[in-house]
Amino acid sequence: MSLIDELKRRKLVQWALAYAAGAWAVLQVLSLLIGAYHWPDSALRIAIVVVAVGFLITLVLAWYHGERGEQRLSRNEMLLLAILIALGGGLAWRTAHAPDSMATSAAVSQPIAAATAVAPKKSIAVLPFVNMSGDKDNEYFSDGMSEEILNALAKVKDLKVAGRTWSFYYKGRNEDLRSIGKALGVANVLEGSVRKQGEKVRITAQLIRTDDDFHLWSETYDGDLKDVFALQERIARAITDQLQVVLAGKQAERLVNAGTENPEAYALFLQATGTFNRRDGKHFPDAIAQLTEAIRLDPNFARAHSRLAAIHAVAATYMQTTSLAATHVAAELHLQAAIKLDPGLAEPYAVLGYLRTEQRRQVEGELAFRRALELDPDDVTANFWHGISLVRDGYTKQGIATLDHVLAIDPLLPNGLSWRGVQYAYAGDTANAERLVRRATDVGLASGGWGMSIVAEARGQKLEAIKQLTSFLRNIMPGFPPDDSGILAEGIYGDTPARAKALALVDRYLAGKPASLNSGMLLALFRLGEPARALTLAPERLTGNDGVYMTLLWSPDGRAVRAAPEFQTFIHRFGLVELWDKYGAPDLCQKNAAGDYVCE
């Protein structure tokens, strides 16, 4: 008997066709369920594997029953098939639900989508362009190209654009575009590459639909460095055309505005911006030199003035400076120049707000922040600095709401995650605090030990709290001997001798009569049981980073501080009373009949 005759006798073909028809129907239904409930693609892949295994089992059973001359399944055989189907279904279900549980319980494996179930058609993520120049030093240029296009698109009405930090999270990860689209809640992704050789530039860009990897548009642009602004404009305009976005006002004429027509000045600006975005304090002097040269090349480059002001404003936190007053003067000089050159820029007003609050001129700071947010309500820097200012000054609920808005705009902003995590920690929500702070460190924040030390303390993990606080203090105490941060941390969490050693260190520091105070030292005084000294010292000299210890005042641990007699003098000298009189009492305080603020 031939093989074909044997297959016919055992009815293998009929069994195979019947199974294939049934499996096809099951997979179609499962595909609909995956789309409706947003299960991952792996659920469908596992189902296909289960179906394939079932097909082999079916053929074996068909051959066996054909030999016996039967086509019915026995009870035991049906039980075996049911068990196999249940195991396969269970595996598929587990895989379908695994990402949600991992996203809520672990640190970053990938961003969690805050978007709606179905991404808007007019939505896009601009991924970092790949540097194809063969020179890693040109990385700033490829990053800058994509960031400029992202910034331009973010200002287009009715176009949803994923935040910079969120998009840049995928740099070098080679993730599937469909997964990126789901994670970022966008329907389209722009990716590309930049090749810069001498004065020549080649930019390749492609717009891809994330649900099916369909290439909507792709183009390669060649030119010289002097053409880079026109190339950016052509790419951005091609995207808005493809997504059928209507441009109005000035955007109809020009989308990308680099702020200069000098390509060399622009390249220097991009280099310095990369340093600022990373808060890379070691290279702040390089960034300052680059922006200074950019301004020399183009004195009307408002964005360069603004970015230089921002770097000077935060310099005391990230680099060792000889004079906090000098950095403030430099920041003031450049932010005023930026405002004069381009009154429509939000960043210089945000820098002004940050500067004024650090100078204890709270009302002026609040007015500057409000002006920045009038010009650009979704400016990440303005919202972030305003949020921490509100938290610092006692408006905790409003500050938290602002930080939540920051993370809605840019969900992986490291500093935003850290500050929001600290507020969770102070509220007693250690699980969310740890989740956000770990995420902040995973995306590059060096000062995540602040929040993690509070989490460890809440859990009674003294050694971990010391380790984390040591790491944080070392980050905000540039120029101090490395051992100092450990001595302070051990004094805060350790025994009486450790506390005495830490206080002796603070005393030696203060005996040197520093022109400005380090915020870490003030934080240590508050935590070492010396709130009266801290409240007296803080208004006397600037720190450049008051938020580190000021947020402690409004935490549960700050109750004793708020009840101290020195607190009333402190809030007057710090400018808080003037602020509260203008904008209302903070969350934990109310004004009594005598006109004093009484805080719980």
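That block above? That's the structure.
Residues numbered from 1 in each chain as written. Predicted model: local features only at pLDDT ≥ 70, side-chain atom pairs only at ≥ 80, totals over all residues. Heavy atoms only, no water.

## Brief notes about the overall build of the protein chain
In step 1: For the protein chain, the count of helices and strands is 28 helices and 8 strands.
In step 2: Residues classed as buried in the protein chain amount to 52% of the 600 residues present.
In step 3: Look at the contacts in the protein chain between residues 6 or more apart in sequence, and 62% of them connect residues 24 or more apart.
In step 4: When the accessible surface of the protein chain is split by element, carbon and sulfur atoms take 56% of a total near 28,200 Å². (Helix = DSSP H or I, 4+ residues; strand = E, 2+ residues; numbered from the N terminus. Buried < 20%, exposed > 50% of the residue type's maximum accessible area, 1.4 Å probe, protein only. Contact = heavy atoms within 4.5 Å. Areas by Shrake-Rupley, 256 points an atom, 1.4 Å probe, with all protein chains shown as cover.)

## Things to note about the state of the cysteines
In step 1: Across all of its chains, the model carries 1 disulfide by this definition.
In step 2: Each sulfur in the disulfide pair Cys589 and Cys599 lies 1.9 Å from the other. With the S-S bond torsion at 100°, the cross-link from Cys589 to Cys599 turns out right-handed. With Cys589 in strand β7 (residues 589-591) and Cys599 in strand β8 (residues 597-599), this residue pair connects regions lying 10 residues apart in the sequence.
In step 3: Taking the relative accessible area as the measure of exposure, Cys599 reaches 12% and is therefore buried. (Disulfide = S-S within 2.5 Å.)

## A few points about the packing of helix α14 (residues 362-375) against helix α28 (residues 576-583)
In step 1: In contact at an axis separation of 8 Å, α14 and α28 are set at 50° when each is read in the N-to-C sense. What the angle tells us is that α14 and α28 run oblique. Counting all contacts with α14, which are made through Gln362, Val363, Glu366, Leu367 and Arg370, the residues of α28 involved are Leu576, Glu578, Leu579, Lys582 and Tyr583. (Axes fitted to C-alpha atoms, helices over the stretch in contact; angles between N-to-C directions. Parallel < 35°, antiparallel > 145°, perpendicular 65-115°, else oblique.)

## Quick look at the packing of aromatic side chains
In step 1: Within the structure shown, the criterion is met by 15 aromatic pairs.
In step 2: Taken together, a centroid distance of 5.6 Å and an interplanar angle of 15° make the contact between Trp450 and Phe472 stacked. Highlighted residues: Trp450 in helix α19 (residues 449-458) and Phe472 in helix α20 (residues 462-476), separated in sequence by 22 residues.
In step 3: The buried category is assigned to Trp450, whose relative accessible area is 5%.
In step 4: Judged by relative accessible area, Phe472 falls into the buried class, the value being 2%. (Phe/Tyr/Trp six-rings, centres within 6.5 Å; stacked < 30°, edge-to-face > 60°.)

## Some points on the pattern of salt bridges
In step 1: Going through the model one piece at a time under the given rule, you end up with 28 salt bridges.
In step 2: Across the pair Arg237 and Glu233 runs a salt bridge, and its minimum N-O distance is 2.8 Å. With Arg237 and Glu233 both in helix α8 (residues 228-242), this residue pair falls 4 residues apart, about one helical turn.
In step 3: The class for Glu233 is buried, based on a relative accessible area of 13%.
In step 4: Each of Glu332, Arg356, Arg361 and Glu364 takes part in one network of salt bridges that share partners. (Salt bridge = Lys/Arg side-chain N within 4 Å of Asp/Glu carboxyl O.)

## Some thoughts on the side chain of Glu434
In step 1: Relative to the helices and strands, Glu434 resides in helix α18 (residues 430-442).
In step 2: What makes Glu434 buried here is its relative accessible area of 17%.

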